[in-house]
Amino acid sequence: MTSRPASDVEAQLRALFLRGLDGDAAAYHAFLVRLGAHLRAFLARRLYGWPDEVEDVVQECLLAMHNVRHTYQPDQPLTAWAHAIARHKLVDVLRAKSARESLHDPLDDETALFAASETDASDARRDLDGLLDTLPEKQRAPIRCVKLQGLSVAETARITGLSESAVKVGIHRGLKALAKLVGAAA
């Protein structure tokens, strides 16, 4: 694909735009289509990391240019006028993106957030083990098996040698005792 010299693009866009300003709807439509393609290339280079934004900014630029078309001075280059409007829209998008991006904290494996949560989990496990160690074995073992390991009452009874009823009573009494300990500490 061969690209046309900038002066050819300028001349064609300017001629179509001026005919459009004089009421030629077909010329104005052709101007918008060609300017849209020109702006897509212009903005794609500047929004390299955000290709999804390009079309939105192109549409905003075309709308803005249509709304302020009466401000164009025919003795000035049309592409310079269009690029100035496009740069303003680009700055608006980058500001909005920057504001949104600043609300997000990056989450990678080395962040303090993960280190703190691993430490917190380790501390909680140690605290729980300390609390469970204060209970008698008939309460501690059923709580560890059923509540922490997810075993059934029947499996716990088989492992501990307690009856199923004794497992249930041990869990109930152990949790009640833990609640008192935690309540007293609070």
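It should be noted that the structure appears before, not after, this text.
About the cut-offs
- Residues numbered from 1 in each chain as written.
- Predicted model: local features only at pLDDT ≥ 70, side-chain atom pairs only at ≥ 80, totals over all residues.
- Heavy atoms only, no water.
- Salt bridge = Lys/Arg side-chain N within 4 Å of Asp/Glu carboxyl O.
- Helix = DSSP H or I, 4+ residues; strand = E, 2+ residues; numbered from the N terminus.
- Axes fitted to C-alpha atoms, helices over the stretch in contact; angles between N-to-C directions.
- Parallel < 35°, antiparallel > 145°, perpendicular 65-115°, else oblique.
- Left-handed = near helix turned anticlockwise from the far one by under 90°.
- Contact = heavy atoms within 4.5 Å.

**Details of the pattern of salt bridges**
Side chains that carry opposite charge are capable of pairing whenever their charged atoms lie near each other.
Part 1 of the reasoning: As enumerated under the stated definition, the model contains 6 salt bridges in all.
Part 2 of the reasoning: Two residues, E55 and R40, come together in a salt bridge whose shortest N-O distance is 2.6 Å. A residue pair is termed long-range when its members are at least 10 positions apart, and E55 in helix 3 (residues 51-67) and R40 in helix 2 (residues 25-46) qualify at 15 residues.
Part 3 of the reasoning: Salt bridges sharing common partners tie together D129, D133 and R144.

**Observations concerning the packing of helix 2 against helix 3**
Part 1 of the reasoning: Where helix 2 contacts helix 3, the axes come no closer than 9 Å and their chain directions differ by 135°. As the angle between them shows, helix 2 and helix 3 are arranged oblique. Judged by the twist between their axes, the crossing of helix 2 over helix 3 is right-handed. Residue-level inspection shows Y28, L32, L35, G36, L39, R40, L43 and A44 of helix 2 in contact with helix 3, the latter providing V54, E55, V57, V58, Q59, C61, L62, M65 and H66.

The quantities given are spatial measurements derived from coordinates; they are silent on function.
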